[in-house]
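Analysis of the macromolecular model
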Amino acid sequence: MTDRFQFSLNATDGKARTGVISTPKGDIRTPAFMPVGTAATVKAMMPESVAATGADILLGNTYHLMLRPTAERIANLGGLHKFMNWSKPILTDSGGFQVMSLADLRKLTEKGVTFRSHIDGSKHELTPERSMEIQRLLGSDIVMCFDECPALPADYDRIAESMRLSMRWAERSRDAFGDRPGYALFGIMQGGLERDLREESANALQEIGFEGYAIGGLAVGEGQAAMFDCLDYAPDMLPIEKPRYLMGVGKPDDIVGAVKRGIDMMDCVLPSRSGRTGQAWTRRGQVNIKNARHTDDPRPLDENCSCPACSNYSRAYLNHVFRSQEMISGMLLTWHNLHYYQDLMAGMRNAIAAGTFAEWEKNFHEMRALGDIEPL
């Protein structure tokens with residue numbers, strides 16, 4: 001344990017990195033995948049179950065928590081960690097992405113964004129200063145700057161205007177965050193798929209100075225090839241000694257490709273959302289448990305997985321409870337998916353430390369190319 005926020009880079013293999021982010025709430029092993037607890041819960045999971053998968057940190061959502069139950073109420077009840085029974089680190093996003101997705105329900109100005117709640121239509125204002133206040137009330141260990149993220153594709157001038165507004169908001173976020181030992185504020189690089197705008201954004205953020213840096217504005221419709229093209233250079237524009245967080249990514253092959261290009265942290269709703277819709281992620285790719293071929297299959301989802309779904313239940317059972325719309329279906333499949341994602345991260349950390357990441361990556365892609373095992 002430490003009373004400070006610090007990042008130790010322990011090993012590199014090519015651009016891939018492994019290290020430890022130390023916080024007063026515990027260590028975060030990198031590369032790290034953060035399960036998403038949007039409304040102070042990872043859907044279908046108990047907090048201790050999430051920890052059992054190997055997760056060191058969760059992500060909470062400023063937009064949803066400010067609306068319900070409100071940041072002030074959570075603060076009065078002892079903060080987000082106590083409220084949701086999670087003692088490890090928590091990162092909260094700024095609310096900007098969710099507000100921007102409201103489209104017709106929002107109005108954007110230099111000051112910030114006014115918007116109507118998707119819950120009850122009530123009017124709210126979110127500014128860099130208010131976003132910092134909400135995240136402080138929640139007690140977030142890692143706080144994200146308030147930014148604007150235009151959906152892609154967008155024209156150059158729109159992306160440039162948005163990025164420069166985000167940089168002005170980043171400076172205001174830094175001022176509002178203040179001096180908080182043990183807590184961290186991350187700046188968010190924007191710039192779409194434009195290399196010069198990404199460089200301008202990276203330079204502006206470093207001039208302000210942050211404890212970590214995120215790459216935003218990707219995984220918003222541009223496709224994997226374009227995302228990887230951007231990641232071939234964007235992480236290199238950020239300080240080596242600070243953690244790099246790719247926001248909202250993603251599928252397993254997205255994550256592996258991002259780590260290969262120098263990313264340390266990722267988050268995505270995919271493993272939990274997939275679990276609730278009957279989709280399981282395995283070493284051999286994705287399995288649709290509702291398919292009829294699983295109805296009489298006594299085997300586990302993955303014979304090499306130690307999660308409860310694979311250790312204690314057959315494909316036939318998982319198929320049955322999903323078709324019967326039993327809650328245990330989403331619980332077991334979500335647990336499996338989160339376990340798989342954490343195993344994926346542990347495998348990469350070990351390979352980077354051993355200098356065998358290229359071999360590990362080759363095996364990862366070969367296994368996925370085989371596809372799901374054939375039915376009996």
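In this report, the structure presented in the accompanying data block is examined.

**Section: the side chain of Arg 261**
Within the fold, Arg 261 resides in the loop between helix H10 (252-260) and strand E14 (265-268). Within polar-contact distance, the side chain of Arg 261 engages the side chain of Asp 232 at 2.8 Å. Arg 261 has contacts with Lys 15, Phe 228, Leu 231, Asp 232 and Pro 235, leaving out every residue within four places of it along the chain.

**Topic: the sheet that holds strand E1 (residues 6-13)**
Two orientations exist for strands paired in a sheet by backbone hydrogen bonds: parallel and antiparallel. What the 3 strands build is an open sheet, ordered E1-E2-E3; its pairing is antiparallel. Looking at which strands have only one partner, the edges of the open sheet turn out to be E1 and strand E3 (26-30). Neighbour-to-neighbour, the strand axes of this sheet turn through a mean angle of 15°, independent of strand direction. In this sheet, E3 lies alongside strand E2 (residues 16-23) in antiparallel orientation, the contact comprising 5 bridges. Considered in E3, the bridge of Ser 22 is made with Asp 27.

**Observations regarding the pairing of strand E9 (residues 123-126)**
As paired elements, strand E8 (residues 113-116) and E9 share 4 bridges and run antiparallel to each other. Counted as the bridge partner of Thr 114 is Glu 125 from E9. Hairpin geometry of E8 and E9 is characterised by an intervening segment of 6 residues between the two adjacent antiparallel strands and by a positive phi of about 80° at Gly 121.

**Examining unusual backbone geometry**
Here Thr 30 and Pro 31 are connected by a cis peptide whose omega angle stands at 0°. As for its position among the elements, Pro 31 is in the loop between E3 and strand E4 (32-35). Residues Val 249 and Gly 250 are joined by a peptide bond in cis, for which omega reads -10°. A positive phi angle, close to 75°, is found at Ala 44, a residue other than glycine. A positive phi angle, near 60°, is found at Asn 85, a position not held by glycine. Positionally, Asn 85 belongs in the loop between helix H4 (80-84) and strand E6 (90-93).

**Observations concerning the packing of helix H6 (residues 128-138) against helix H7 (residues 156-177)**
Direction vectors running N to C along H6 and H7 enclose 40°, while the axes themselves pass 8 Å from each other. Here H6 lies oblique to H7, going by the angle between them. Once H6 is placed against H7, the crossing between them reads as right-handed. Together, Pro 128, Glu 129 and Met 132 of H6 and Trp 169, Arg 172, Ser 173, Ala 176 and Phe 177 of H7 make up the contact between the two elements. A per-class count over the contact of H6 with H7 returns 5 nonpolar, 1 polar and 2 charged.

**Comments concerning the nonpolar core**
The biggest cluster of nonpolar side chains holds 50 residues, and the ones touching the most others in it are Ile 215, Leu 231, Leu 246, Ile 255, Val 259 and Met 266. Each residue touching Ile 215, except ones within four places of it in the same chain, is listed here: Met 189, Arg 198, Leu 231, Ala 234, Pro 235, Leu 238, Tyr 245, Leu 246, Met 247 and Ile 263. If you look at the next biggest cluster of nonpolar residues, it comprises 27 residues, including Leu 65, Met 66, Ile 74 and Leu 126.

What counts, and where the lines are drawn
Residues numbered from 1 in each chain as written. Predicted model: local features only at pLDDT ≥ 70, side-chain atom pairs only at ≥ 80, totals over all residues. Heavy atoms only, no water. Helix = DSSP H or I, 4+ residues; strand = E, 2+ residues; numbered from the N terminus. Polar contact = N/O pair within 3.5 Å; in protein donor to acceptor, adjacent residues only side chain to side chain. Contact = heavy atoms within 4.5 Å. Pairing = 2+ DSSP bridges. Axes fitted to C-alpha atoms, helices over the stretch in contact; angles between N-to-C directions. Parallel < 35°, antiparallel > 145°, perpendicular 65-115°, else oblique. Left-handed = near helix turned anticlockwise from the far one by under 90°. Nonpolar A, V, L, I, M, F, W, Y, C, P; charged D, E, K, R; others polar. Core = buried A, V, L, I, M, F, W, Y, C linked by side-chain atoms within 4.5 Å. Buried < 20%, exposed > 50% of the residue type's maximum accessible area, 1.4 Å probe, protein only.

Remember that the coordinates give geometry; whether it matters functionally is a separate question.
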